[in-house]
Amino acid sequence: MKENINVDVLIKGGTILTVDQKHRVIQDGAITITGDSISGIYSSDEIPQELEAGMVIQADGKVILPGLINAHSHLAMTLFRGFVEDLVLQQWLERVWKYEFSVLDDKAVRAGSKLALVEMIKNGITCAHDMYWHFEQTMEAAEEFGFRLLSGPPITGLGDQAFDEMFAQARKTLAWLDSLEFVYPIIQAHSTYTTTPKMMHTVREFKEEYGITFTTHASENQAEVETVLEQYQQTPIHLLASYDLLDESTLLAHCVILDDEEIELLAETGTHVVHCPESNLKIGAGIAPIAAMLEKGINVCIGTDGAASNNDLDILGELRTAALLQKGSNRNPELLNTKQALEMGTINGAKAYRLENDLGSLEKGKKADLVIINFDKPHLTPVHNPAANLIYSSGKSDVETVFINGKLQLENGQLTAIDEEQIMAEVRSISEKFV
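Residues numbered from 1 in each chain as written. Predicted model: local features only at pLDDT ≥ 70, side-chain atom pairs only at ≥ 80, totals over all residues. Heavy atoms only, no water.

**Q** Quick question: what am I supposed to make of the nonpolar core here?
**A** The biggest cluster of nonpolar side chains holds 128 residues, and the ones touching the most others in it are Phe 80, Trp 92, Phe 147, Ile 237, Leu 266 and Met 293. Tallying contributions element by element places helix H2 (residues 106-122) first for this core, with nine residues. Once you skip the residues sitting within four places of it in the chain, Ile 237 turns out to touch Ala 218, Ser 219, Leu 246, Leu 252, Cys 255, Leu 258, Glu 262, Leu 265 and Leu 266. (Core = buried A, V, L, I, M, F, W, Y, C linked by side-chain atoms within 4.5 Å. Buried < 20%, exposed > 50% of the residue type's maximum accessible area, 1.4 Å probe, protein only. Helix = DSSP H or I, 4+ residues; strand = E, 2+ residues; numbered from the N terminus. Contact = heavy atoms within 4.5 Å.)

See the structure below:
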């Protein structure tokens, strides 16, 4: 007689988009979760008879996919949603910076970050990057909620923090992050135009010393490129290369204004790019040449940017926009296909942050971060191609169930352990200071 196989969760009956190397799509599939990891992936007729589950989720008519990864954001900027509108990037930044320096404090950032985490979990995002002020508050909020966060000390010439103080604080933060479970340490700089060469050389030293990923904004719009050219006689991409900061452990946000030589340079160095199409459009920055990057083999992932320039944190929406932009702007419907779009929202983000062994696809042994989307709806019927329906027809409101690290965070569209009404009330109160 065979012994029972005990698992914590059994999800069965749905269509599984694994996003593994073979891009397996398992119709009428089943996934088991044990502890914080995926312990098995089966077709329904392969489920061991001896299997006993503490929780069973029937997923007929639904699609199961890896947790979505938001590879670039400023989470507490939810506080500025709808506050700074219809301005070009430099004017937009000046207005935002004015209020960030005068209004933001630990309490405000913690509340804004919690609101962002709530929004993202409900949208199927299980891991996100953050670059913002009072960043320890966001890290603590992520740890409290059990949400995966990619964050670290942001290096910038903005504000009045002294150089030595800034990097002493960075060391302190990176040491503290060793004690956290859900925060993955990175080193980040705001941009080439808000830092000095001395700062960036020290960033490179930190990156090498700690063996962590580096990320920064780069070539977001034409004005930025012209500013850096005037100051350094190089574009942001070539300036980063001169700092020896382009390689397989660097992720650049935006990269809207690139020429062919710069695309080739990013490809040769293995540098990753995070595309933020809706923020780029809304701020009037333009359309990044993503199809050309993909053709050269650059790993491109997806990000929302902050909710002040987007104005939501919706990766499914970003993926649809990204695909349509490349097809339309290049007049070629074959570009950025559904497979590539799905990868951008999942495994590519994991690769960019060197987390692909744990995140980004549904495979036995990986962390149990997964999303169930209800396809039993008029706008998702019929299902000839589940990936196509996901990218072009589904929306954030179709997200029904979310697991992070094996923990059920969203059930039937409702958060299981977070008081979203209290968080929204706190953010409304804080936002009254913005006048």
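**Q** Sorry if this is basic, but what is going on with the packing of aromatic side chains here?
**A** Centre distance and the angle of the planes are the two values used to describe a pair of aromatic rings. Considering all chains together, one arrives at four aromatic pairs under this definition. On the numbers, 5.6 Å between centres and 40° between planes, the contact of Phe 206 with Tyr 210 is tilted. With Phe 206 and Tyr 210 both in helix H5 (residues 197-210) and four residues apart, the pair spans about one turn of that helix. The buried category is assigned to Phe 206, whose relative accessible area is 4%. For Tyr 210, a relative accessible area of 31% translates into the label partly exposed. (Phe/Tyr/Trp six-rings, centres within 6.5 Å; stacked < 30°, edge-to-face > 60°.)

**Q** I'm lost on unusual backbone geometry in this one. Help?
**A** Most of the time, phi is negative for any residue but glycine, and the peptide bond is trans. Geometrically, the link from Asn 310 to Asn 311 is a cis peptide bond, its omega value of 20° lying close to zero. Cis rather than trans, the peptide bond between Thr 381 and Pro 382 has omega equal to -5°. Within the secondary structure, Pro 382 is located in the loop between strand E15 (370-374) and helix H14 (386-392). Within the chain, Gln 233 stands out as a residue other than glycine whose phi angle is a positive 60°. Counting through the fold element by element, Gln 233 comes out in the loop between helix H6 (222-232) and helix H7 (236-242). Positive phi is not limited to glycine here, since Cys 255 has a value of about 50°. In this structure, Cys 255 sits in the loop between strand E12 (250-254) and helix H8 (260-269). The buried category is assigned to Cys 255, whose relative accessible area is 0%.

**Q** Would you explain the pattern of salt bridges in this entry?
**A** Where side chains of opposite charge bring their charged atoms close, a pairing between them can arise. Counted by the stated rule, this structure contains 18 salt bridges. A salt bridge links Glu 208 to Arg 204, with the nearest nitrogen and oxygen atoms 4.0 Å apart. Note that Glu 208 and Arg 204 are positioned in helix H5 at a spacing of four residues, about one turn of the helix. According to the relative accessible area criterion, Glu 208 is exposed, its value standing at 54%. Where Lys 207 meets Asp 247, a salt bridge forms, and the shortest distance between an N and an O atom there is 2.7 Å. Placement of Lys 207 in helix H5 and of Asp 247 in the loop between H7 and E12 is noted, with a sequence separation of 40 residues between them. When salt bridges that share partners are traced, they join Arg 110, Lys 114, Glu 140 and Glu 144 into one network. (Salt bridge = Lys/Arg side-chain N within 4 Å of Asp/Glu carboxyl O.)

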